[in-house]
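Commentary on secondary and tertiary structure
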Amino acid sequence: IKRASARRITAVIPCFGYARQDKKDKSRVPITAKLVANLIETSGVDRVMCLDLHASQIQGFFDVPMDNLIAEGLMVKFVREEILKPKGLDHTGIVVVSPDAGGVKRAKAVADRLHCDLAIIHKERKRANEVESMTLVGDVNGRIAILVDDMADTCGTMALAADTLAKKGATEVYALASHGVLSGNAVKRIQDSPIKEMAVTNSIEFSAQVKGCSKIKMMDIAPMLAEAIKRTHDGESISSLFA
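Now for a look at the structure at hand. Being a predicted model, the structure only gives us computed values, none of them experimental.

Cut-offs and rules
Residues numbered from 1 in each chain as written. Predicted model: local features only at pLDDT ≥ 70, side-chain atom pairs only at ≥ 80, totals over all residues. Heavy atoms only, no water. Helix = DSSP H or I, 4+ residues; strand = E, 2+ residues; numbered from the N terminus. Buried < 20%, exposed > 50% of the residue type's maximum accessible area, 1.4 Å probe, protein only. Contact = heavy atoms within 4.5 Å. Pairing = 2+ DSSP bridges. Right-handed = clockwise from strand over helix to strand, strands pointing away. Phe/Tyr/Trp six-rings, centres within 6.5 Å; stacked < 30°, edge-to-face > 60°. Axes fitted to C-alpha atoms, helices over the stretch in contact; angles between N-to-C directions.

Here the focus is the environment of Ala162. Summarising the element assignment, Ala162 is placed in helix H4 (residues 156-167). Of the residues examined, Ala162 reaches a relative accessible area of 0% and is grouped as buried. Sequence separation of Ala162 and Ser240 is 78 residues, and the distance between their C-alpha atoms is 34 Å. If near-sequence neighbours (up to four positions away) are discounted, Ala162 is found in contact with Leu147, Val173, Pro194 and Ile195.

Residues Ala11 and Ile13 line the buried face of strand S1 (residues 10-13), whereas the alternating positions Thr10 and Val12 sit on a face that is not buried. Note that S1 and strand S2 (residues 47-51) share four bridges and pair parallel. When the bridges of S2 are listed, Ile13 appears paired with Cys50. The parallel pair S1 and S2 is bridged by helix H1 (residues 32-42), and the resulting crossover is right-handed.

By convention here, two paired aromatic rings are described through the distance between centres and the angle between planes. Per the stated rule, a full pass over the model turns up one aromatic pair. Judged by centre distance (5.9 Å) and plane angle (65°), the ring pair of Phe16 and Phe62 falls under edge-to-face. Placement of the pair is Phe16 in the loop between S1 and H1 and Phe62 in the loop between S2 and strand S3 (66-69), with a sequence separation of 46 residues. On the basis of relative accessibility, which here comes to 4%, the residue Phe16 falls in the buried class.

As a further point, take the sheet that holds S2. Spatially, three strands are ordered S1-S2-S3 in an open sheet, and the strand pairing comes out parallel. Two strands in the sheet have a free side with no partner beyond their single neighbour: S1 and S3. Strand-to-strand twist of the sheet, defined as the mean angle between neighbouring strand axes without regard to direction, takes the value 15°. Sheet topology places S2 next to S3; four bridges connect them, and they run parallel. Looking at the pairing, Met49 lines up with Asp67 of S3.

Have a look at this one:
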């Protein structure tokens, strides 16, 4: 594209690869998110657009303008239209739950927009992708619990969190995630868990197995990306998209 004399190149990357490798939390661990940022920049990109980065500081890995779009609005819309409205409930009947301490800010933003309570689950891991124990901080008894996370990978955390919430008296458990990686036995874990429905965006294409799971619903990000691209091209504000 550069050789074809393009005036400006914007890379739209709905799911930024290696986003979870954003810090050195133990010895000899690579910060691959920075490497990927360097590769993208070196290729000649003038602007980058992503959806819900695992950690917002990844924006600082780029020396070119970087837009981090957020799926918070899609999640709020899903809760209102697919949970509250059909059941005739108001904000007092639901609790937004963060499945780990790292996702509290994201879950709180959703809870604030829904004007509902927030709960947190503290988890301890044996090793990567394997959770040992969970402790709930907050009250979900007699209410619908809505788990909010940025990434649903193996779904071990989601399934264990749903079990914890069900044991603590939640009437129903829903799960919302920005990126549906859904690797390994993720679909089976969702099917076997107390989760009634899981909604993920189509930032990653659904596999045939995911499409065949009745519990997994899609939140379409195409209109949001289209509007963000249009505003970038016209020199308008993107932040007002999420006000």
